[in-house]
Amino acid sequence: ARASPRFVASATMMIVVCGPTLRLIQALVCSPAELARDVDSLAEGRLGFLTVCVAGGATFGVQPLPTTRKLLAAAYVACVVTCSAMAKRARTGDDRMPSLQLLHGFLPFLASFL
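Being a predicted model, the structure only gives us computed values, none of them experimental.

Observations concerning the pattern of salt bridges
Part 1 of the reasoning: One pass over the structure, following the stated rule, counts two salt bridges.
Part 2 of the reasoning: A salt bridge links D38 to R23; the nearest nitrogen and oxygen atoms lie 3.1 Å apart. Taken together, the residues span a long stretch of sequence, with D38 in helix α2 (residues 32-44) and R23 in helix α1 (residues 5-29) at a distance of 15 residues.
Part 3 of the reasoning: The partly exposed category is assigned to R23, whose relative accessible area is 26%.
Part 4 of the reasoning: A salt bridge links D38 to K88; its shortest N-O distance comes to 3.1 Å. Highlighted residues: D38 in helix α2 and K88 in helix α4 (residues 67-92), separated in sequence by 50 residues.

Written as structure tokens, this is what we have:
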């Protein structure tokens, strides 16, 4: 059984949209100590994080979806990543999170997506 290209495109869209949303919920629900450990592990694994974001953006960019849907999803991801980074910064007091998520997460995703 093969999946149709439209199904794969829709599934990819859901992953792109739901992943950052779940990270935002985690930032609001977890304790500051857990978030600090998360920031430390994310900082240690920067290269892996960068690779996943670039691969995700490239995969999302080649999907047969209308350009407006792709741009709306990318704008949504930017907003959620920024909110998540600011929530983690406010709860942990760690200044690394906004730059880490934006420079190593969203910008490579956007660059490979476009």
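And the narrative resumes.
Notes on the state of the cysteines
Part 1 of the reasoning: Within the structure shown, the criterion is met by zero disulfides.
Part 2 of the reasoning: Not engaged in a disulfide, the cysteine C18 finds its nearest cysteine sulfur in C79; these two sulfurs lie 16 Å apart.
Part 3 of the reasoning: Judged by its relative accessible area of 33%, C18 falls in the partly exposed class.
Part 4 of the reasoning: Lacking any disulfide linkage, C83 is separated from the closest cysteine sulfur, that of C79, by 6.5 Å.
Part 5 of the reasoning: Residue classification places C83 among the partly exposed positions, given a relative accessible area of 44%.

Quick notes on the packing of α2 against α4
When two helices pack together, their arrangement is given by the angle between the helix axes and by the axis-to-axis distance.
Part 1 of the reasoning: Packing of α2 against α4 leaves a shortest axis separation of 9 Å and a crossing angle of 120 degrees. When the axis of α2 is compared with that of α4, the two are oblique. Remark: the crossing between α2 and α4 carries left-handed chirality. Contact with α2, carried on its side by P32, L35, A36 and D38, involves K88, R91 and T92 of α4 and no other residues of that element.
Part 2 of the reasoning: Of the residues in the contact of α2 with α4, the class split is three nonpolar, one polar and three charged.

What about a nonpolar patch on the surface?
Part 1 of the reasoning: A cluster of nonpolar side chains, contributed by L22, I25, L28 and V29, occupies part of the molecular surface with about 420 Å² of accessible area.
Part 2 of the reasoning: Looking at the secondary structure, you find L28 in helix α1.
Part 3 of the reasoning: The class of L28 is exposed, set by a relative accessible area of 54%.

What counts as what
Residues numbered from 1 in each chain as written. Predicted model: local features only at pLDDT ≥ 70, side-chain atom pairs only at ≥ 80, totals over all residues. Heavy atoms only, no water. Salt bridge = Lys/Arg side-chain N within 4 Å of Asp/Glu carboxyl O. Helix = DSSP H or I, 4+ residues; strand = E, 2+ residues; numbered from the N terminus. Buried < 20%, exposed > 50% of the residue type's maximum accessible area, 1.4 Å probe, protein only. Disulfide = S-S within 2.5 Å. Axes fitted to C-alpha atoms, helices over the stretch in contact; angles between N-to-C directions. Parallel < 35°, antiparallel > 145°, perpendicular 65-115°, else oblique. Left-handed = near helix turned anticlockwise from the far one by under 90°. Contact = heavy atoms within 4.5 Å. Nonpolar A, V, L, I, M, F, W, Y, C, P; charged D, E, K, R; others polar. Patch = residues over 30% accessible without salt bridge, like charges linked within 9 Å, V, L, I, M, F, W, Y side chains within 5 Å. Areas by Shrake-Rupley, 256 points an atom, 1.4 Å probe, with all protein chains shown as cover.

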